[in-house]
Structures are given as C-alpha cells and as structure tokens.
Amino acid sequence: MAALSKDVAFWSKISRKYAASPIRDMDGYLMTLERTKSHLKSEDKVLEIGCGTGSTALLIAPHVAHITATDLSLGMIEIANEKLVRESVGNVTFKVAEVLDHSSDDVSYDAVLAHNLLHLLPALDSALEYISSLIKPGGLFISKTVCAPEHGGFKYAMISKVAIPFMQAIGKAPFVDFITAETLERKMNGVGFDIVEKTDKIGMFTSRYIVARKS
Ligand SMILES: C[S@@+](CC[C@H](N)C(=O)[O-])C[C@H]1O[C@@H](n2cnc3c(N)ncnc32)[C@H](O)[C@@H]1O
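What you see is a predicted model, and the numbers here were worked out from it, not measured in a lab. For every chain, the first residue of its written sequence is number 1, and the numbers climb from 1 along that sequence. Under the rules for a predicted model, residues below a pLDDT of 70 receive no local features and side-chain atom pairs below 80 are neither given nor counted, while totals for whole chains, interfaces and linings still include all residues. As a rule here, side-chain values cover all heavy atoms of the structure and leave hydrogens and water aside.

## Focus: the side chain of Ser-15
Then step 1. Mapped onto the elements, Ser-15 comes out in helix H1 (residues 2-20).
Then step 2. Each residue is placed in one exposure class: buried if its accessible area under a 1.4 Å probe, protein chains only, is under 20% of its type's maximum, exposed if it is over 50%, and partly exposed if it falls in between. For Ser-15, a relative accessible area of 3% translates into the label buried.
Then step 3. Working rule for contacts: check all heavy atoms of both residues, and any pair within 4.5 Å makes them a contact. In this structure, Ser-15 is in contact with Thr-53, Gly-75, Met-76 and Ile-79, ignoring residues within four places of it in sequence. Each helix is a run of H or I in the DSSP string that is no shorter than four residues. Each strand is a run of E no shorter than two, and both are numbered from the N terminus.

## Details of the packing of helix H5 (residues 124-134) against helix H7 (residues 181-190)
Then step 1. Axes here refer to lines fitted to C-alpha atoms; in helices the fit is confined to the stretch in contact. Angles between the N-to-C directions go from 0 to 180 degrees. Packing of H5 against H7 leaves a shortest axis separation of 9 Å and a crossing angle of 45°. Overall, the two elements H5 and H7 adopt an arrangement that is oblique. Handedness of the H5/H7 crossing: right-handed. Here Leu-124, Asp-125 and Leu-128 of H5 come into contact with H7, specifically with Leu-184, Lys-187 and Met-188. The cut-offs work like this: below 35 degrees is roughly parallel, past 145 is roughly antiparallel, 65 to 115 is roughly perpendicular, and the gaps in between are oblique. Throughout, a crossing is termed right-handed when the near helix is turned clockwise from the far one, and left-handed when it is turned anticlockwise from it by less than a right angle.

## Here's the deal with the pattern of salt bridges
Then step 1. Take a side-chain nitrogen of Lys or Arg and a carboxyl oxygen of Asp or Glu: if they are within 4 Å of each other, that pair is a salt bridge. Taken as a whole and assessed by the stated rule, the structure comprises 8 salt bridges.
Then step 2. The salt bridge involving Glu-185 is made with Arg-208; its shortest N-O contact spans 2.7 Å. Here Glu-185, found in helix H7, pairs with Arg-208, found in strand E7 (residues 206-214); they are 23 residues apart in sequence, far enough to count as distant.
Then step 3. By sharing partners, the salt bridges in this structure join Glu-182, Glu-185, Lys-198 and Arg-208 into a single network.

## Here's the deal with the pairing of strand E1 (residues 45-49)
Then step 1. For E1, the tally of buried residues reaches 4 of 5 residues, placing the bulk of the element in the interior.
Then step 2. Where E1 meets strand E2 (residues 66-71), 5 bridges bridge the pair, whose relative direction is parallel. Within E2, the residue paired with Leu-47 across the bridge is Thr-68.
Then step 3. Consider the strands pointing away from the viewer: the crossover is right-handed when the path from the first strand over the helix to the second runs clockwise. With helix H3 (residues 55-60) bridging E1 and the parallel E2, this β-α-β connection has right-handed handedness.
Then step 4. A strand pair is defined by DSSP finding two or more bridges across the two strands. Note: E1 against strand E4 (residues 109-115), 3 bridges, orientation parallel. Within the sheet, the bridge partner assigned to Leu-47 lies in E4 and is Val-112.

## Structural notes on the UniProt feature "domain: Methyltransferase" (unreviewed entry) in the chain
Then step 1. Here the UniProt feature "domain: Methyltransferase" (unreviewed entry) sits at residues 46-139.
Then step 2. Measuring from the first to the last C-alpha atom of residues 46-139 gives 10 Å, for a span that is 33% helix and 29% strand. UniProt positions are given in the numbering used here, feature names are shortened, and annotations may be inferred rather than shown by experiment.

## Section: the site of the ligand
Then step 1. If a single non-hydrogen atom of a residue is within 4 Å of a molecule or strand, that residue counts as near it. In the vicinity of the ligand lie 17 residues, with Gly-50, Asp-71, Glu-98, His-115 and Asn-116 positioned nearest.
Then step 2. The contact in question runs from an oxygen atom of the ligand to an N or O atom on the side chain of Asp-71, over 2.6 Å.
Then step 3. Residues adjacent in sequence count toward polar contacts only when both atoms are side-chain atoms; beyond that, a polar contact is any pair of N or O atoms within 3.5 Å, and within protein one must be able to donate a hydrogen and the other to accept it. With respect to the ligand, the side chain of Glu-98 contributes an N or O atom lying 2.7 Å from a nitrogen atom.
Then step 4. With residues, only the protein chains shown are counted as cover, and all accessible areas are computed by Shrake-Rupley using a 1.4 Å probe. About the coverage of the ligand: the protein hides 92% of its 590 Å² of free accessible area.
Then step 5. Charged means Asp, Glu, Lys or Arg here, nonpolar means Ala, Val, Leu, Ile, Met, Phe, Trp, Tyr, Cys or Pro, and polar covers whatever is left, Gly included. For the shell around the ligand, the class distribution of residues is 10 nonpolar, 5 polar and 2 charged.

The following block contains the structure:
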C-alpha cells in the first residue's frame, strides 16, 4: 500500500514532464500501434490500463467502438482529458483507476491494452489474474513490457541492483520488477491466455510486445 501511494505521487509529479518528452523509440511505438490496431475491430469495447497521458488511446479510438483508458495518476488523467477536449473524440473515456480497481465497470472487454506497465506492478500475479477476468472469452490482452535479459550480465546487474534502487531511494524512480519475457509468458499462460503474437526489441532490456488470447 505504501509502495502504491509512493507510485501515485511519483507518476503525478512527473506527468507534465512525461507529456512533454518525445517518444524515445518512435519506430517501436509506431510498430506497436500498427500491430495493435490490426488486432482490433470497429465493434470492440477496449480498456487501456496505465494509459499515461492518453495519446495511444486517442490514436486507437477511431478503430474501435469505445475505449476506456485508465491510470493510477490523476496528473496523467488530467493531461489526457485536456487532449480529449482539444481533439473532441467522442468514444474515449479517461478515468483514474489502479489496475486492480475496475470492478465497478461492469463490462467485459474485447481487448485490454497495457503498454509499458506490467514491469511497474508490485502484484503482477494478481494483476494478470484480474486482467483476465475483465476480458471476454476469445478476447485479447495486448501488452508491451520491459523485461529482464535471459542471461543477466554485469551491466544489467548494475542498473537493476544499484542505479534503480538508488533512484528509488531519492524518489526519482517508481517501483519496478523486471522478469524475463519467458517468465511473463508463462504467467500469462497460467491465468488462461494463449500467446498469439510476440515481438521483441534487442537491447539491454528486452521490451516484449505480446498479444495473448483468453481461452
Ligand atoms: C511508463 S508509463 C506508460 C504510459 C503509457 N502506457 C505509454 O506507453 O506511454 C506507466 C504508466 O502506468 C501508470 N501506472 C503505474 N502503476 C500503475 C498501477 N498500479 N495502476 C495503474 N496505472 C499505473 C503510471 O501512472 C504511468 O502513467
């Protein structure tokens, strides 16, 4: 609980700076967006969790019936709502919600999106089980997650065991827990998802894009 309130404060504090920063890997972002659009249908009801400042939801909106996009941080959702007013898109709802807090929605979604989120969740196993419960049978869970490299290495150890804990101690980094892409896929299988597509980006941290279908 303390970890969560620290994260609420962290993400709200950086929300304006986050909104103003350029996307670091534009090719990767556009690839993810195109792949995601290709899996969605015009009649779909979609939920995006950890939506940040809402840019992805606004780009997905013309391709689906409705998208609800949520984030733990009020700061992020305020910026998303400012964009919504400017762009006057009719089928997007932004709201503040923690991942495990969508029970009042009373909707089963055709797809849930979680881009750059799962490595930030302290209770990943419960979150995956909960996300699965929000999706219709046959529906999709589409995620992009920063993962740990399979074989560790010195540089990875320095970042994950020294640099990040130091940044967290001074309030400059949120909670993070990197697991390997294989472990993440196994966890998804364990809560009833079949992996239908995956793509990874080569680098120190493998950002794994996974499309999983609820069986
Ligand atoms: C790295 S940003 C990614 C934002 C957006 N999905 C993107 O790809 O640009 C992570 C977002 O997840 C949100 N977040 C972190 N922990 C969360 C949680 N437990 N529940 C809901 N949102 C969370 C943060 O507030 C932040 O906006």
